[in-house]
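Summary of the model geometry
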Amino acid sequence: ISRNTWWFKEFVRRIATPPPKAVIGVPYEWTPTIWDPQIKAPKVYFSSEWLPPWLRWENNALRGLPPPDATDCNIVVVASYYQGKELCHLKTNFTVHVVPHTPSGAMFMT
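Conventions used here
Residues numbered from 1 in each chain as written. Predicted model: local features only at pLDDT ≥ 70, side-chain atom pairs only at ≥ 80, totals over all residues. Heavy atoms only, no water. Salt bridge = Lys/Arg side-chain N within 4 Å of Asp/Glu carboxyl O. Helix = DSSP H or I, 4+ residues; strand = E, 2+ residues; numbered from the N terminus. Buried < 20%, exposed > 50% of the residue type's maximum accessible area, 1.4 Å probe, protein only.

1. Concerning the pattern of salt bridges
Tallying each qualifying case throughout the model produces four salt bridges. With a shortest N-O distance of 3.2 Å, R63 and E29 are connected by a salt bridge. Residue R63 is located in strand 7 (residues 61-64), and its partner E29 is located in strand 3 (residues 28-30); the two are separated by 34 residues in the primary sequence. The partner of E49 in a salt bridge is K91, with the nearest N and O atoms 3.9 Å apart. You can see E49 sitting in the loop between strand 5 (44-47) and strand 6 (55-58) and its partner K91 sitting in strand 9 (residues 86-96), a full 42 residues away along the chain. You can call E49 exposed: its relative accessible area is 70%. Look at K91 and you get exposed, because its relative accessible area is 57%. Sharing partners across several salt bridges, the network here consists of E29, R56, E58 and R63.

Dropping the structure here:
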């Protein structure tokens, strides 16, 4: 590699901040962010076409209380925001992994 050579990575906007595991019987909360270095702190609206009954979007945070019968679920998150006057949408899929709650507070990974 020459000292006069520049290497550029492809710029890809994305929804950042992976979701945490959900623990049965413990309030769950995930506040996603978007990564777009061309926009400083854009106002974003997050939504999903489907959520399990125990999850809901509230003030751009995914919140809920996993019941005893909750299982891992695949979620599609859509971020809508403006870049200037252009409405932009980002979409990503992820899995909310549900783990049991133990009296000692330890979690078992499945």
